[in-house]
Every structure is written in structure tokens, then in C-alpha cells.
Amino acid sequence: MTDFSTQMLALAPLLILCATVVGVMLSIAVHRHHFTAATMTVVGLNAALLSLLGVLQITPIQVTPLFIIDDYSLLFGAIVLVASLACTTLAHAYLDTLPDRREEFYILLLCSAGGALALIASRHFASLFIGLELLSVPLYGMVAYAYRDRISLEAGLKYMVLSGAASAFLLFGMALLYAASGSLEYAGLVDTLAGNSGSPWLLAGVGMMVVALAFKLSLVPFHVWTPDVYEGAPGPVSAFLATVSKVAVFALLLRFFTLAPPAANGWLLTLMGVIAMASMLVGNLLALRQRNVKRLLGYSSIAHLGYLMTAIVAGGTFSIETVGIYLATYVATTLGAFGVVTLVSSPYSGTDAGALHHYRGLFWRRPYLATVFTVMMLSLAGIPMTAGFLGKFYVIAIAVQSGLWWLVGGIVLGSAIGLYYYLRMMVILFLDEPGESRRDAVSGWGQQSGGIMVLLLAAAVIFFGIYPQPLISLVSATGMAGG
Amino acid sequence: MILCWLLFVPFIGGLLCWQLESRHAPAQAPRWIALLTMLLVVGLALWLWLTGDYSLAGGAVGDAPNWAHQIRLPWIDRFGISFHLALDGLSLIMIMLTGFLGVLAVVCSWREITNRIGFFHLNLLWIIGGVVGVFLAVDLFLFFFFWEMMLVPMYFLIALWGHSGSKGNTRIGAAIKFFIYTQASGLLMLVSILGLVFAHYSQTGTFTFDYMVLRETPLTGTIAYVLMLGFFIAFAVKLPVVPLHGWLPDAHAQAPTAGSVDLAGILLKTAAYGMLRFAIPLFPEASAQFAPVAMALGLIGIYYGALLAFSQTDVKRLIACSSISHMGFVLIGIYSGTLLALQGVIVQMVAHAFSAAGLFIISGQIYERIHTRDMRQMGGLFGRMGALPGFALVFVMASLGMPGTGNFIGEFLILFGAFDTVPWVVVAASGGLVLAAIYSLVLMHRVYWGTPKSEASLGGLDPREYSMMLLLLVLTLWLGLFPNTVLDISHTAMTEVTDWFAVAPLPSR
């Protein structure tokens, strides 16, 4: 066991986030000021991001039985922090005209990001549960933040009820596993699972956990909430939901199955394959008929997580690299896409500009913004020259390597279906018949922090699409520490 | 280094066109920039042709091919992917063709495209850039990269500047159909590429996407066959081979003239190039096994395309369907595996590019004058359009394979070369020539002869149109009279392909 100060250093990113939460709370108590709160949040997130560099010197290190800080958790932690930062910049422009308290939003966002960090580093059921709840509970508030809008409130309630049910599943599953193995650590399950893998209680336990996590990842058949919540939530929150919460939960899922490999055996593995397949196909098929960008992106995220589940089914060391690359590219792309939607809807003035006709001819009004959106759509569709292609390349590679031919077929089929709606969305930007009601980004959007962030994301998506070696080197060097 | 210039010039030119539009430059500036860019590409290609020696004797099978130029830079080390461009006779012919048709595409849209000129030329030039990349890449990843990349600008070209078709066929629908067909089949190719790479990895423990290394990979029969099918399907969609041709008539009919010229002239040829360059050398045995099926598909294509062409009422759809028929000959030539037939394939590809481009440009010019592509509304155009019907007659004759035109040389060499190995296929394919004559003459008759709808003159060709037509005509005739110009360049490359076929144990025929 390393000494206390080293352990605290290892937890520094999390601690900095918590301190920022307290700081923002106090500043609101003293003087309520939107810009101050946002700035403090940005500073806190950046400090946490910087502290990762310091932590990198001492990895891997186990901090109490609850957490393991290794390169793996730092990589995904960095993705989460960058995504939170992006959502903060978007939120600042978006919330400016909200006729309510605006500052508390940042507290919720920071709490949620902290939960994500905890979840990624967890190696124990207790930290898993705490992390997951800390991630989800603030999200209820964030989704319903524009509660004067009916659909935002409705989305918040819907998410809360269903998320609560999922948490119950998770707890029940953990309880069953604990009853059978007497251990709350993932690695402690290995012997019990390997010994009597056929035990119905164990399988039920793992199965229930998978159900709960699949709900958070909105995998089919636990996806029904996704489009409604994505549509109802304010733009920056949809972005947060689609990136931070997905990354954290997926990182946890991969760690769980890597540390306790026997958990994923037999029919459970087949079941996850079926879930992956169903998500790819159902997500893409349902997206076809959507008339709302945010719903469309919601369905598209279902499909993308389905592709990524292939890595879990395949397992092995290559899966960490695949998941790392895929999530990094997916996060950049999704943030960009939601970023454009948010910029078009900013500052807040009622329901977000989700309908497709708002985007008609955007290219001729806001050429660079539309170019960014085009790049993001191409990246989601996985066309070369964008980072999304790299992710798709990895997923197909791992599926081919493991001989999962039916999943390969699913990816190819799903991508082909997906093209239809990405392309339709894309071409709408370039049509030039006037729509009835137009909403537009403010004219100086490119000088705002949100605008700069979106432009940078587009540049990154193209850069890593053309020259991915730096990203690959970074991710492939990332190892997960053993139990 | 010159290969990099060849590749990047169109991309840079395209960006320049786009930027010039949004600044307050003269409205015609993007056109001139695009024209200069394409002329530069042609110039570079011609320079390569004049200074290089492409008639080096081919080495034994397995030797490094005689790349006239190559450049190799590390790109993605993790998977052994390199930025590897190389040029031999085959690529050079294709690139010259690409550059030349690129010039035509720019010139023929001079008056047709009036809105968003800069963005149009961005897309046009990026298609050219992607195609040049396809013809130069010898790293499979890089090849796939360009193969997929060129679809996006083509999609925009059809979706944004296309014509809305008849019977509720929208241009966006056609564009999406085109994209989905080609992209989905492209993913199958990606799966095959990865299968091949992992097969190589499991034997040697190193990742590589290099064509030269991968083609040495020993594969068991079934795996090779399946992987070969992945490549074949991707190329078959683009060629197109008949059950997979659904996108082609729509895409051609709805595309603007420049798009049709590029599609028929170059994009279809990337498929034949892919078969010659990748599908056969990477999987010689499997390809030899598959050859009878491929040739049968080619035969079906010849007849089906011709029948389809016959029943069209839309001029551009008719020409598009005739492409299906012509590409059937190319498919038979490729899989017959004799040097003569392969040389014929090259000539046929170049000649078809010229004649199809000519016919598409002419239908574009007719459309500009009478605003329809429906042949039922035409008739009696001869004498009302200056020299245009005369040129049309020449290209129609070329398309039906009249001696003296390049198309005749191509078809003749293919049939003659394949006769040794597959006489019955050749006999059956020759019947297709009759059908070609029928639909070509029907096209001529319906459009230019018959009772005129009115006597008013529709205006002759202006110097721009006239010089385009004249250039194409000269080239078609040149190819028909001096085919050696092309045959000499491609001889070595084709000999290599023949050698690959020859090492494969041929199934009994």
C-alpha cells in the first residue's frame, strides 16, 4: 500500500472537481453571476485535466479497495473531462437567456462529471454504484433544466423513472453476485464464476447488471427512452448525455468484463452479441423516419453503441484499443453535431431547433457552421477522411479478427442503412428553398467559445481522419491494470 | 514527388475555387481556376508519359512490378499502413484519361451550372482528386480511402446540381441510391481487405496493407475465394455488373452533364482498374476459379444492358444502359486472362470513356436547347442544330463499334483474345454487337431523324462546344487508327496480369 498523499494525488482530478463544485456553490451564495460560475467551472475542469498529467507519473495505483487509477482510467477520464468542458462552453451561450436560475446548472454538470470519473476508475461494486448514481442523478435535473418547456420536463421525469428502475436492476444484480461469491470486487468474482459458471444465480446477477448498464448505454431493447430524452433535453445536456455518460458507462463495462472475464461466457456472450446486432439494426432503422435532428442523433447513438458492443463480445487486448479509439472519435463527432444544433438553438428561446427544416439551406447562410455539421455527419457515417472512419475501421477489424462474421454483417448492413439518413440530413443543409420558420446561429457564432470549440472539433475530426497515428499511439499505449 | 503533385493539385484547386466564390472575385473565376487545375493535371500526366519509359520488359511473376515512379511515406505505423503511391503504364493511361475528362467536365458545365459555381467546382475537382488517388494507391488502406472518398463529392454533384427526373425520381433519391450501393459494397471490400491483412498477420506476425507484400500471402482455397468475392462485389457494383447495376441509370440520368461524364468516363473505369490491379493479382487462383461466373455475368450484362437501353425513352438513361452493355465486354476481357484480351480491355475502356462522354455532352447540349431529355419529344433535330447531329452520329457509330473508331479495336481485341480460351462465350458475346447496333441506330433515329416537331433552328454549336466535340472526335478516331499509342503504354502492366493468371492452375474449360 502506498502512502496517503500519493493516494490523494491519484484521486486529484476527482478531488479538484469536488472542490470546484463547492467553490461554485459558495460563489452563488455570495453573488449570483452567470459568467463567474461558468468561468469557475471551466477553470476547475481544466485544472482536473492538467492534474491528469501529474497522476500519469504514478499509475497504476490502487486507491483503497474502491478505485484503481491506471492509464485506462486516465484516458477515459480525459475524454470525459474534455467532453464536459465542451458542454460547459455550449451551455454558457445557451443558458444566457434562460429566464431562471442559470448558475446551478454548472454544479450539476460538475457533479455528473465527477461521477463519471469515479465510475471509470471503479474496481468495486460500491464505487460502481456510487459513481453511476452520481453520474445519473444530476442528469435528471440537467435534462429538465428548461422545465418551462413541457418536453424538457417530460424528458427529465421519463429519464428519472426509467433510470431509477435500471438502478434497481443493478443493485439486485450486485446483491445476487455478492450472495454467491462473497466479494464486491470485480476480480473477486473470477474464482466463483469460473468454478460454477452454470449457476443460475450468478448468471442472473451478471445478466441484471448488463440490463442496467445496457439501459444507460441505450442499447436495444432498453433504448426506448433515448429519442424522447435527447429531444426534450436542452442541447448542451443532450450532448453531455450522449458523450460523458456513454463513455463512462462503456469504460466501466469493458473494465468489468476484462477484470472478471468469466462473467462474459456462454449464453451471456451470445446475448450481448444479439443486443449489439439489435442495436445496430433497430437504431438505424428507426432513425430513417425521424424528422427531428436530436431524435435522429439519439437513434444514431443507439446504433453506434451497438457497433461498439462488438468489441466487448470480441474481448481480448485489442478491445481496449478499439474502444478507446472508437469512443474518442465518437465523442468528438457527437459533440460537434450536438454543438451545431445547440449553436443554432442558442441563446435559449423555447424548444430547441430540432426540426429538419430549420437546417434547410444552412450552408448558404452559415457556410462554416454547415461545413462543420457536414463533417460530423460524414464522420458518423464513417466516411474516410473523417475520424469516424477510423472508429469503424477498428470495429470491423476486431470483428474480422475474432471471426464474428454475423456481427461484421450487421455492421455493414447497419452502416448502409445509416447512410440514408446521414446523407439526407447532410443534403438538407445545402438545399436552398426557404423554409417557413428559420432559426439561425447568432451572426458572431464563430467568435464565441462554443463556436470556436465546434470549429476545433471539426478540425480534429478531419486531422485524425487523415493522420490518425498520434491518436493511435496514445490509445494503444494505454493498458488496463489487473485486478 | 511528382505523384504527390498529381494527387494534390486537384484538391488544392478545388479549395481555391470554393474560397474564390465566397470572396468578391469575378463570377467566372472558379471556372478558370478549375480549368487551369485540370490542364495542369493533364500536363503533368503527359509529361510523365513523354519522359517515362513504360515498355520495360516484365519480370517473372512475383518480382516487383516496374513502377515508373513511386513514393512511400509512413502513415499509420500501428497497422503497417503507408502512404504508398506508384505509377505504371496502367495507372498512367487511367490518369491521362481522368485528367482529360476532367477538363471536359469543367468545360461542358461552363453554361449549364449557374449557381454555386465555386462549390460545384470544389466537388468536381475533388472527384478527380479521389480518382487519381485510386489509380495511384498501392497500399490497400490508401486505395480504400480514396475509393470511398470520391463518393462524397459525387453525391453532392448529383444531389445539388442534378436534374429532377421523370416519374417522381428525385435527384436526391438517385444520389442516395448511388451512395448506398457503392458504400455498402465498399465496406464488403474493407472486410475483405482486413481479412487478408489478418490472414497475413497470423502467418507472419506483422501488420501490413502493402499490395506488394500482401499478394505473396498464401491463402487456402475457400478463404481466398471468399475474400476475392468481397473485392469483386465492390468492383462489380461500380462497373456495374448486372444484378448490382440498379443505381446506374438513375444516377446518370439525374446527374448534371459533368457528373455523367465523370461517372461514365472515369468512375466506372476505377472498377475495371481495381479488378486488374487488385482482385486478380491478390487472388489469382480464386479469380481463375471464378472466371466462368464472371464471364457469364458479363454476358448477361451485355444482353441485359442492351435490352434495357432499347426500352428507354430518356436519352441519358439510354446511354447509361449502353454503358452496362459495354462494361460486359470489359468484364469478359478481364477474366479471360489473355494478353490480347486485356489489352483490348484497356482500349475499350478509353474508347468507351470518349464515346460515352461525347454522347453525354451532346445530350447536355440538347437539353440546354430544348429542355427535355425525353426522346419522344425530340425527332427531326438533324439540320436544326448546326454540326451537333453530325458529331452525335460519329459517337453513336463509335458506340456500336464501327471500324475506324477505338471502340471497334477494343471489342475486336477482347473477342479475338478471349476466343482461344473461351470460344463459346465469345460467340455469345458477339451477338451483343448486333443489339448494340440496334439501340444505337434507334437512338439516332428517334432523336435526329423522323418528323421534326418544329422547323425553328435551335442554334448551332459555339466555339467552346465545337472544340470539345472536335477534340473527342479526333481522339476516338486516333484510338481507332493508331491504338498502339495506348497499347504500348499498357503492355507491360497487362503482361504482368496475364502472368498472374498463368500461375493459377486453370480449371478445365
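Residues numbered from 1 in each chain as written. Chains lettered and ligands numbered in written order. Predicted model: local features only at pLDDT ≥ 70, side-chain atom pairs only at ≥ 80, totals over all residues. Heavy atoms only, no water.

Draft legend 1. Geometry of the overall build of chain A. Of regular secondary structure, chain A possesses 20 helices and 2 strands. The C-alpha atoms of chain A give a radius of gyration of 21 Å, which matches the 23 Å a tight globule of 483 residues would have. Its C-alpha atoms give chain A principal-axis dimensions of about 65 × 55 × 40 Å. Taking all 483 residues of chain A together, the buried fraction comes to 64%. Of all intrachain contacts in chain A linking residues separated by at least 6 positions in sequence, the fraction that spans at least 24 positions is 81%. Total accessible area on chain A is roughly 15,500 Å²; 70% of this is exposed by carbon and sulfur atoms. Taken as two groups, the 21 positive and 20 negative side-chain charges of chain A have centres that lie 8 Å from each other. (Helix = DSSP H or I, 4+ residues; strand = E, 2+ residues; numbered from the N terminus. Rg over C-alpha atoms; globule rule 2.2 N^0.38 Å. Buried < 20%, exposed > 50% of the residue type's maximum accessible area, 1.4 Å probe, protein only. Contact = heavy atoms within 4.5 Å. Areas by Shrake-Rupley, 256 points an atom, 1.4 Å probe, with all protein chains shown as cover. Lys, Arg positive; Asp, Glu negative; His and termini not counted. Charge placed at Lys NZ, Arg CZ, Asp CG, Glu CD.)

Draft legend 2. How the structure looks around the overall build of chain B. Assigned secondary structure in chain B consists of 19 helices and 2 strands. Against the 2.2 N^0.38 benchmark of 23 Å for 509 residues, chain B shows a C-alpha radius of gyration of 22 Å, consistent with a compact globule. For chain B, the spread of C-alpha atoms along the three principal axes comes to 75 × 60 × 45 Å. Across the 509 residues in chain B, those meeting the buried criterion constitute 65%. For chain B, the proportion of contacts with a sequence separation of at least 24, taken over those separated by at least 6, is 82%. Split by element, the accessible area of chain B, about 16,400 Å² in all, is 68% carbon and sulfur. Taking the average place of the 23 positive charges on the side chains of chain B and the average place of its 24 negative ones, the gap between the two points comes to 13 Å.

Draft legend 3. Here's a closer look at unusual backbone geometry. Residue and element names in this part refer to chain A. For the bond running from Thr59 to Pro60, omega is -10 degrees, close enough to zero to count as cis. Its place among the elements puts Pro60 in the loop between helix 3 (34-56) and strand 1 (61-63). Even without being glycine, Thr64 reaches a positive phi, approximately 55 degrees. Within the secondary structure, Thr64 is located in the loop between strand 1 and strand 2 (67-69).

Draft legend 4. Region of the structure containing helix 11 (residues 235-259) of chain A. All names here are of chain A. Along its 25 residues, helix 11 runs 36 Å from first to last C-alpha, staying within 8% of the 36 Å computed at 1.5 Å per residue. The axis of helix 11 is deflected most strongly, by about 30 degrees, at Leu241. With 24 of 25 residues buried, helix 11 is to be regarded as a mostly interior element. (Expected span 1.5 Å × (residues − 1). Bend = angle between axes of the 7 residues up to and from the residue.)

Draft legend 5. Quick peek at the pattern of salt bridges. All names here are of chain A. This model, assessed by the stated rule, comprises 19 salt bridges over all chains. Residue Arg295 is joined to Glu231 by a salt bridge in which the shortest nitrogen-to-oxygen separation is 2.7 Å. Placement of Arg295 in helix 13 (residues 293-314) and of Glu231 in helix 10 (residues 225-232) is noted, with a sequence separation of 64 residues between them. When its relative accessible area of 18% is taken as the criterion, Arg295 is described as buried. (Salt bridge = Lys/Arg side-chain N within 4 Å of Asp/Glu carboxyl O.)

Draft legend 6. Examining the interface of chain A and chain B more closely. On the side of chain B, 37 residues touch chain A, which itself brings 42 residues to the contact. For the pair chain A and chain B, the summed buried area comes to about 3,500 Å², and 82% of that belongs to carbon and sulfur atoms. One can count 1 salt bridge joining chain A with chain B. Of the charged contacts, one joins Arg78 of chain B and Glu321 of chain A as a salt bridge, the two residues approaching to 2.6 Å between their closest N and O atoms. (Buried area = accessible area lost by both parts, 1.4 Å probe.)

Draft legend 7. Molecular detail of the environment of Val30 of chain A. Relative to the helices and strands, Val30 of chain A is located in helix 2 (residues 12-30). Val30 of chain A sits 357 residues away from Ala387 of chain A along the chain, and the two C-alpha atoms are 44 Å apart.

Draft legend 8. Focus on the packing of helix 3 (residues 89-108) of chain B against helix 11 (residues 257-282) of chain B. Residues and elements named next belong to chain B. Interaxial distance between helix 3 and helix 11 falls to 8 Å at its minimum, and their mutual angle equals 170 degrees. Regarding the angle of helix 3 to helix 11, the classification is roughly antiparallel. Contacts between helix 3 and helix 11 pair Leu90, Ser91, Met94, Leu97, Thr98, Leu101, Ala105 and Cys108 from the former with Thr257, Ala258, Val261, Asp262, Gly265, Ile266, Lys269, Tyr273, Leu276 and Arg277 from the latter. For the contact of helix 3 with helix 11, the per-class residue count stands at 11 nonpolar, 4 polar and 3 charged. (Axes fitted to C-alpha atoms, helices over the stretch in contact; angles between N-to-C directions. Parallel < 35°, antiparallel > 145°, perpendicular 65-115°, else oblique. Nonpolar A, V, L, I, M, F, W, Y, C, P; charged D, E, K, R; others polar.)

Draft legend 9. Just the packing of aromatic side chains, in detail. Summed over the entire model, instances satisfying the criterion amount to 68 aromatic pairs over all chains. For the pair Phe105 of chain A and Tyr106 of chain A, a centre-to-centre distance of 5.9 Å together with 85 degrees between the ring planes defines the contact as edge-to-face. Assigned by exposure class, Phe105 of chain A and Tyr106 of chain A land together as buried. For the ring pair Phe231 of chain B and Phe235 of chain B, a centre distance of 6.3 Å and an interplane angle of 50 degrees mean the geometry is tilted. Here the residue Phe231 of chain B and the residue Phe235 of chain B both occupy positions in helix 9 (residues 221-238), the gap between them amounting to 4 residues, near one helical turn. Like Phe231 of chain B, the residue Phe235 of chain B is buried in the burial classification. Residue placement shows Arg31 of chain B over the ring face of Trp110 of chain B; its charged tip is 5.8 Å from the ring centre. Sitting over the face of the ring of Trp364 of chain A, Arg116 of chain B holds its NZ or CZ atom 3.6 Å from the ring centroid. (Phe/Tyr/Trp six-rings, centres within 6.5 Å; stacked < 30°, edge-to-face > 60°. Lys NZ or Arg CZ within 6 Å of the ring centre and 35° of its normal.)

Draft legend 10. Molecular detail of helix 14 (residues 339-370) of chain B. Residues and elements named next belong to chain B. Given a rise of 1.5 Å per residue, 32 residues ought to cover 46 Å, and the 46 Å separating the end C-alpha atoms of helix 14 matches this to within 8%. Of all 32 residues making up helix 14, 27 are buried, and the element is well covered by its neighbours. One or two positions beyond helix 14, positive phi appears at His371, with a value near 55 degrees.

Draft legend 11. Broad picture of the environment of Leu11 of chain A. All names here are of chain A. One can find Leu11 in the loop between helix 1 (4-10) and helix 2. It is 27 Å that separates the C-alpha atoms of Leu11 and Leu90, two residues lying 79 residues apart in sequence. The residues contacting Leu11, other than those within four sequence positions of it, are Val63, Phe67 and Ile69.

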